[in-house]
Amino acid sequence: MNSLKKGAVQFSRKYRYLLVAVLLVVVFSLFPSAVERYYSRGFYPFFSVILRMITGWFPVSLGDLIYSGGIIYLIFSIARWLYQRLVRKRKSDTELLLQKMVVAGLWLYVIFKVFWGLNYDRPSVGETRQLGKPAYTLEELIRFNDLLIIALNSSRSAIPGDTLPMIAFPDILQLTGKAYAALARTSPELQWREPALKRSLLAELGDWVGYTGYYNPFTGEAQVRAEIPDILLPYIACHEVAHQLGYARESEASYIGWLAAQAQEDARLRYSAALDLYDQVQQELWRMYALQGDSAGLRRQMQENARRLDTAVKRDRKAIRQFFRKRTHAVTPAFNELYAQYLRMNGQKEGMRSYREVVGWILAEERSRGNK
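Cut-offs applied
- Residues numbered from 1 in each chain as written.
- Predicted model: local features only at pLDDT ≥ 70, side-chain atom pairs only at ≥ 80, totals over all residues.
- Heavy atoms only, no water.
- Helix = DSSP H or I, 4+ residues; strand = E, 2+ residues; numbered from the N terminus.
- Buried < 20%, exposed > 50% of the residue type's maximum accessible area, 1.4 Å probe, protein only.
- Areas by Shrake-Rupley, 256 points an atom, 1.4 Å probe, with all protein chains shown as cover.
- Patch = residues over 30% accessible without salt bridge, like charges linked within 9 Å, V, L, I, M, F, W, Y side chains within 5 Å.
- Salt bridge = Lys/Arg side-chain N within 4 Å of Asp/Glu carboxyl O.
- Polar contact = N/O pair within 3.5 Å; in protein donor to acceptor, adjacent residues only side chain to side chain.
- Contact = heavy atoms within 4.5 Å.
- 1 Å grid on protein atoms, 1.4 Å probe; cavity = no way out; pocket = protein on both sides within 12 Å on 5 of 7 lines; lining within 4 Å.
- Points joined across faces, edges and corners; volume = space filled by probe spheres on them.
- Nonpolar A, V, L, I, M, F, W, Y, C, P; charged D, E, K, R; others polar.
- Core = buried A, V, L, I, M, F, W, Y, C linked by side-chain atoms within 4.5 Å.
- Axes fitted to C-alpha atoms, helices over the stretch in contact; angles between N-to-C directions.
- Parallel < 35°, antiparallel > 145°, perpendicular 65-115°, else oblique.
- Left-handed = near helix turned anticlockwise from the far one by under 90°.

### Focus: the overall build of the protein
Looking only at helices and strands, one finds 16 helices and 3 strands in the protein. Counting across all 372 residues of the protein, residues that qualify as buried make up 45%. On the protein, roughly 20200 Å² of surface is accessible, and the fraction owed to carbon and sulfur atoms is 62%.

### Comments concerning a nonpolar patch on the surface
The grouping of Leu74, Ile78, Trp81, Leu82 and Leu86 at the surface amounts to a nonpolar patch, some 480 Å² of accessible area in total. Within the element layout of this structure, Leu86 appears in helix α4 (residues 62–87).

### Details of the side chain of Ser40
Along the chain, the position of Ser40 falls in helix α3 (residues 32–55). Looking at Ser40, its side chain comes within polar contact range of the side chain of Asn119, at 2.8 Å. Residue contacts for Ser40: discarding those within four places in its chain leaves Val35, Pro45, Asn119 and Arg122.

### A closer look at the layout of surface pockets
Within this model, the second largest pocket holds a volume of roughly 450 Å³. Along the wall of the second largest pocket there are 20 residues; nearest its centre are Phe144, Leu147, Leu148, Trp258 and Glu366. Listing elements by their share of the lining of the second largest pocket, those giving two or more residues are α7 (138–157), α11 (250–262), α12 (267–292) and α16 (358–368). When residues of the lining of the second largest pocket are assigned to their parent elements, the largest contribution, 8 residues, is made by α7. Residues belonging to the lining of the second largest pocket are distributed by class as follows: 9 nonpolar, 4 polar and 7 charged.

### Side note on unusual backbone geometry
Phi at Gln130 takes a positive value of approximately 55°, unusual for a residue other than glycine. Its location among the elements puts Gln130 in the loop between α6 (125–128) and α7. Classification of Gln130 as exposed rests on a relative accessible area of 70%. Notably, Glu194 is not glycine yet its phi reads approximately 50°, a positive angle. Take Glu194: it is sitting in the loop between α8 (169–184) and β1 (197–199). Take Glu194: its relative accessible area is 37%, and that puts it in the partly exposed class.

### As for the nonpolar core
Within soluble globular proteins, side chains that are nonpolar generally end up buried alongside one another. Core analysis: the biggest nonpolar cluster contains 63 residues, and Leu152, Tyr180, Ile231, Tyr255, Ile256 and Val359 have the highest contact counts within it. Elements with a minimum of two residues in this core: α7, α8, β3 (221–224), α10 (233–244), α11, α12, α14 (311–327) and α16. For this core, the element with the most residues is α12, which contributes 12 residues. If we ignore the near neighbours within four places in the chain, the residues touching Tyr255 are Val125, Arg129, Leu131, Val358, Trp361, Ile362 and Glu365.

### Here's the deal with the pattern of salt bridges
Evaluation of the coordinates by the stated rule reveals 16 salt bridges. Linking Asp146 and Arg308 is a salt bridge whose minimum nitrogen-to-oxygen distance equals 3.0 Å. Placement of Asp146 in helix α7 and of Arg308 in helix α13 (residues 295–308) is noted, with a sequence separation of 162 residues between them. Arg308 gets classed as partly exposed once you look at its relative accessible area, which sits at 27%. Arg225 is paired through a salt bridge with Glu227; the nearest N and O atoms lie 2.7 Å apart. Each of Glu36, Arg41 and Arg122 takes part in a single network of salt bridges with overlapping partners.

### Looking at the packing of α7 against α13
Viewed as axis vectors pointing N to C, α7 and α13 meet at an angle of 20°, and their least axial separation amounts to 10 Å. Compared by their axis directions, α7 and α13 come out roughly parallel. Judged by the twist between their axes, the crossing of α7 over α13 is right-handed. For the pair α7 and α13, contact is made by Ile142, Asn145, Asp146, Ile149, Ile150 and Asn153 and by Gln301, Asn305 and Arg308, respectively. Residues belonging to the contact of α7 with α13 are distributed by class as follows: 3 nonpolar, 4 polar and 2 charged.

As structure tokens, this is what we get:
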């Protein structure tokens, strides 16, 4: 038996329980109906509430502190390895190092899947909420675009001031809580118990990576970047809370967040949601007109949108674009591609475009309500 085979046998014997756990998780994830029944609607709601009860006590983001500690430890380990190799000229045990990396990766995989990640393997909201398929025509998209313009103008007119609206973080927490409380009256499974919504401590990292909020599956905390324009935060918060409630796919979390935003009448939350969705729709209009080769139609559509949007809305959107343009780094697209690969690994084949699939779910919801 050569050393490679011998090492593999020794590894499998030493970590047999870990390998069994990985196998069980992989096999279980192949059965979406079982995941939905026993995990997403069984174990996870109970477990996630307990997790938020523990981490919610911390006034700051415990997840960010853990991630920061992990990054520091990784940098220290690499520096120590390089020092041993290059300065002290010692031979490192490469096989042992690789074994530690594999074991750590497998443990992270199991913990990730058990704590939250199995929600990627549940059936889509199209099945669980009986929405049908998220497909739509250009005509449907144009009608939704027109409705969003009306919603943007109407909600913005209800918000005083000529500059970007300011919202204190406690008010964002309150807005999010009220939205999900209203939504839970018709969808009890979407009740938000033991809230854990916090400011991210890694604002500078957000500038490089390009995120506006994220869910930490290991601590159950929803994070938002509180330094970005305030008006964006209510809908971002609703999106991240949807992750907390077990909707792992990005488009589905945005769809649940949209349901929450529509469940109450606060103009700030509705404006926040409409701003995000309007951008998604514009990108989809570009894509669908391009598929038809109709550049003249796209140009007419963009001109009509600009004519119909209220001046305050256009001013707000310009200020938001300028904010992010100043804080975007050259490496941000590379980080976005890494995240796109992560999405593809978890069943979202469209990568970053998966976010825009929310448009299809909302239109499917409208069709299910009889709004054509």
